[in-house]
Amino acid sequence: MGMDLDTYPGPTDTCDICPLDLTSPRCENYVIASKDLADLAIKKYSDEPNFYKYELLKIEKANQRQTGYTEFFMTVKVRNVTLATVVETFQIHAAYQGTLSKEVLSCLTKGGGYMLYWCCRS
């Protein structure tokens, strides 16, 4: 499943994945949670050996799914700290379950050939 989900069946109880409105005050808690998860994913990605170091600039687009966890499928912009000026796009799949756990399920460069999968809990 890609991170760029352009269509969905509309707001219903049976909707699998729907867009997260990053500007709506009603979604503030989800926006905060998605930013925390995106930060965690980029930090974990930067900690891997032989990689550039990155920092999160903004979440461009986010989709959400409610399962046993609250899952987010995000497209984010990051700054390459090592090269100082390069801005890249990453795609992240991450989830949280209340205050019990935060998990990064995948983090990859958009259009890149390398994909990093792991499960980390904090």
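Residues numbered from 1 in each chain as written. Predicted model: local features only at pLDDT ≥ 70, side-chain atom pairs only at ≥ 80, totals over all residues. Heavy atoms only, no water.

1. What about the pattern of salt bridges?
Next up, step 1: A complete count under the given rule lists three salt bridges for this structure.
Next up, step 2: Note that Asp39 is salt-bridged to Lys35, the shortest N-O span being 3.1 Å. Linking Asp39 with Lys35, this pair stays in helix H1 (residues 28-47), spanning four residues, or about one helical turn.
Next up, step 3: Between Glu71 and Arg65 there is a salt bridge, with its nearest N and O atoms 3.0 Å apart.
Next up, step 4: The class for Glu71 is buried, based on a relative accessible area of 8%. (Salt bridge = Lys/Arg side-chain N within 4 Å of Asp/Glu carboxyl O. Helix = DSSP H or I, 4+ residues; strand = E, 2+ residues; numbered from the N terminus. Buried < 20%, exposed > 50% of the residue type's maximum accessible area, 1.4 Å probe, protein only.)

2. Some thoughts on the nonpolar core
Next up, step 1: One finds Met74, Val76, Phe90 and Ile92 to be the most contacted residues of the largest nonpolar core, which totals 23 residues.
Next up, step 2: The element best represented in this core is H1, accounting for seven residues.
Next up, step 3: With sequence-adjacent residues up to four places away left out, Val76 is seen in contact with Ala38, Leu56, Lys58, Ile59, Glu60, Glu88, Thr89, Phe90 and Ile92. (Core = buried A, V, L, I, M, F, W, Y, C linked by side-chain atoms within 4.5 Å. Contact = heavy atoms within 4.5 Å.)

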